[in-house]
Structure formats: structure tokens, C-alpha cells
Amino acid sequence: MSAGRRRLGRVWRRRGPLRTRLALSVTAAVALVAVGVCAAAYLVVRSALYEQLDLSLTQSARLAAQRNPGSAPGVLAGECRFLAAPACAEVVPADPADDPRPPGQLPVTPAARKVAAGTKSPYYTNITVAGHPARMLTTDYAKGRALQVALRADTVRDGIEEAARWLVLTAAAGVLLAAFLGYWVSRTGLAPVARLTATAERIAATRDARHRIELPPPGREDEITRLATSFNTMLDELEQSIAAQRRLVADASHELRTPLTALRTNAELLARADRLTPEQRDRASAALGRQLREVTGLVGDLIELARDEEPQPLVEQVRLGALVEHCAQAARTHWPAVPFHVRVPAEPVVVPGVPARLSRLLGNLLDNAAKFSPSGLPVEVELTAGAPGRGPQLTVRDHGPGIAPQDLPHVFDRFYRAGTARALPGSGLGLAMARQIARAHSADLTAEPAPGGGALFRLTF
């Protein structure tokens, strides 16, 4: 049964409401302090009252010894059964055979015999005299004798009981105040957490990431405020991610609609091949193959863009100079009317990366430059090792129309095509893919107008 209760307590501590647990924790802490302070005050008051009574007993014992030096065993004063009477005083012998007849009203214990014999130090004890509480001092008196002095302790007992009653009331008030403060602290301190939870639940129910947590004015930041700020920042990123995802889906749907329509038209046309001439069938087949390659390339580019980072097992040390030469040679084959001028340093330039992905990045930059370069004007490619403390840098420059100022912020957006590029082939994903590959390799890809005309793309590792 006790094991079950312990298990239930552990489950409640783990799963109970945070506000309730915090309120109970604050209440328990403040209540423990209040009870501890009241208990300490009770002990101090009790000790002070008894100390005052013990001081009176010591003075009474000294006075009795001065008035009756060397008295025989027996009663020296025996009126302490009355509240206002002076202290009782009796002489106790070490040997019980020497006890007086009749015996006194104060109790004689073996400890008192030892004090009379000189083998024990004086001590105080609580006794009862004539049915009333009293306190007695047993101290040495003469050789083989001890002196016992007693006083009524009613006032001390009443004072201790009165102090105990007030301290219990104070402790109870402290516990109630602690409970109120615990509730107030939990409600006030966790209010931002409650707002954060409500916002998260609202987003989960509505799937709308536009909600935000209201933050306090500047100058009142705390840990909860920083948590709320981080949560709002996460919501900003989530909203941007959702918007980008929706935009990507919408743009991809728009880009795929035209080639898919053409594919369906050519497929339906080839389905009636018996009505076509051989030249018409050849043109339809060629168009169908070209559109299939276009759709395949577009889908492949979308899959590439969906990957955020490079697979670590494929990362190796890549010689950029050789890779640039290889990509430039491939671009010359694809764009025979455009000359490519390549300058690479004599010393090898090595960076960590995935060769196939870096080749795709360079290929996209070269294809983009060649696409906008007039026939006969070169595309200039230059690789530099970089200054001390900086990484290698690759620049690709064309001599085309350049980038309009209004187009420059959107050059690397997915499916974005400037007005001068709408009549050219391509899906608008090449530069977006190039920047993603660059970021996956901890590199920075920027675009800027080239001096003297054209566009300049700068890749810095």
C-alpha cells in the first residue's frame, strides 16, 4: 500500500500541473521557514524564562547558605507551596541514614546524594510541590551535605504556554500567507508560460503560424521573456518556412503545368500517328522527348532543392582548380559559341566538399553566364587562393545585359526569372540550387553588377 502511494506521488510530481506544483513548493518552503522560526522563538522564550527562574534559585541558595552556615540535614524554609512564598530550602545528607525525621517536602534522589558526596556537579530539575509545578536547584553546601532550593514555576509554565499559543497562531497565519503567496507567485510567474502554451495550442488547432506571444515592454526582460522571444523567433522561421513551402508548391505547379500540357498534347497527337505524315510524327516525337527531358530536369532540380545539407560520407578534399577546368570544358561543349576564359592559381586550392555537388554548382553558374552572354563575348572565370585568414574565392563574369536593380534581391529565389530571361530556356531553379549547394559547403554566393556591364557572381569559401 505504501509502495503504491509512493509511486502515485512520483507520478503526480512528474505529471501534475506546473502551476500547482510551483504553488505547493513555494507554500511548503515559506511554511517550513515560518514553522522553523516559530519553533526557534519558542525555544528561545522557554530558555529565557527558565534562565530567569534559575537565576532566582541561585540567589535563593546563596542567601540560604549565608543565613544558615553548616546547618544539619533538615528543612531550612518550607513555604514554597504558596505562589508568593520565598523559596523552599532543605539540607540533604550524602548518607540516607542521616536523613531528618520527618522528611522534608522536596524529593531526594540518588543524584542529590552524589552532589552531597561531592561526586556530581550542581543541577536543575523540574518537580511538583503540593500539586504545583516547581523548579529545584541541587547544589553543594558543606562536606557530606547538599542544599536543595525550590520555587514555584507556575508563572514560567503559564508564560511558556502563552508564548506557544501565540507562536502556533503565528505559524498558522504564516502557512496561510505562504499558500496565498505561492498561488500568486505561480499565477504571476507562469503567466507568460500560460500564454506560450495557449499560443502553441492555438497554432496546433488552427495550423496558423501567424500568432505571436505578447512580450512585456523593454526593460522588464527575464528568463520567461527570453523563452517567449525565442518562441516568437521560432514562429517567424516556421511561418517563413511554411510560406516558402507553399510558394514552392505553387511555383512548381505553375512551372509543370505548361510542359505537362504539351506532353499530353504530343502524346495524344502521336496516338493518332496513322493520320500524320512522317515529318509530323518526327517533329512530335522530338518535341515529346524534349519536353520529357525538361520535366525530368525540373523534377530533379526540385528534389535537389529539397535536400538541405550534404551527406557527410561523401565529403572529401576537392581540388578546386581541376574542378573549375573540368566544368569549363563541359560548358565549352554545351555552349560552343561562347568562349570561356579560365584563370586558376598555380598552387593547388583544396576545400572539403562533395565533388558532384560542387560540379553542379559551377555548372549552373557557367550555364547562367553563357545563357546571357552575346555570341563571341567571353565568360571570365577566375579562382584565387584568398588572402591570409580568408578562404578561396571564385568569380564568374559575363558580358550580357547585367542584372537590373529591381531584380538583384531576387536573383537566387526559386522560379524567379527576370524580364530579360523569360524568353530563354530554363526553369529558374539553377541559381537557387547553386546558392543552396554553396551554403551546404559553408560558402557564400553573391551576385552584383560587373564593372563595365554584365553580371558578376562571387563564390567565397
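Residues numbered from 1 in each chain as written. Predicted model: local features only at pLDDT ≥ 70, side-chain atom pairs only at ≥ 80, totals over all residues. Heavy atoms only, no water.

Trainee: Please set out the sheet that holds strand β2 (residues 88-93) residue by residue, giving values where relevant.
Mentor: Two modes of strand pairing occur in sheets, parallel and antiparallel, and in both the strands are linked by backbone hydrogen bonds. What the five strands build is an open sheet, ordered β1-β2-β5-β4-β3; its pairing is antiparallel. Lying at the two open borders of the sheet, with one neighbouring strand each, are β1 (74-77) and β3 (123-129). Mean inter-strand twist for the sheet, computed between neighbouring axes without regard to direction, equals 30°. Relative to strand β4 (residues 132-142), β3 runs antiparallel, the two being bridged by seven bridges. Considered in β4, the bridge of N126 is made with R135. (Pairing = 2+ DSSP bridges. Helix = DSSP H or I, 4+ residues; strand = E, 2+ residues; numbered from the N terminus. Axes fitted to C-alpha atoms, helices over the stretch in contact; angles between N-to-C directions.)

Trainee: Go over the packing of helix α9 (residues 355-372) against helix α10 (residues 430-440), please, and point to the residues and values.
Mentor: One can describe the packing of α9 onto α10 by two numbers: an axis separation of 9 Å at closest approach and a directional angle of 145°. α10 is crossed by α9, and the crossing has left-handed handedness. Facing α9, whose interface residues are R357, L358, R360, L361, N364, L365 and N368, α10 presents G430, L431, M433, A434, I437 and A438. Here the contact of α9 with α10 is built from residues that sort into eight nonpolar, three polar and two charged. (Left-handed = near helix turned anticlockwise from the far one by under 90°. Contact = heavy atoms within 4.5 Å. Nonpolar A, V, L, I, M, F, W, Y, C, P; charged D, E, K, R; others polar.)

Trainee: Which residues make up the packing of aromatic side chains, and what are the values?
Mentor: In total, this model carries one aromatic pair according to the counting rule given. Taking the centre distance of 6.1 Å and the plane angle of 90° together, the rings of F412 and F457 count as edge-to-face. Linking F412 in the loop between β10 (393-397) and α10 with F457 in strand β12 (residues 455-460), this pair joins segments that are 45 residues apart in sequence. Per residue, the accessibility class of F412 equals that of F457, and both read buried. (Phe/Tyr/Trp six-rings, centres within 6.5 Å; stacked < 30°, edge-to-face > 60°. Buried < 20%, exposed > 50% of the residue type's maximum accessible area, 1.4 Å probe, protein only.)

That's the geometry; what it means functionally is another story.
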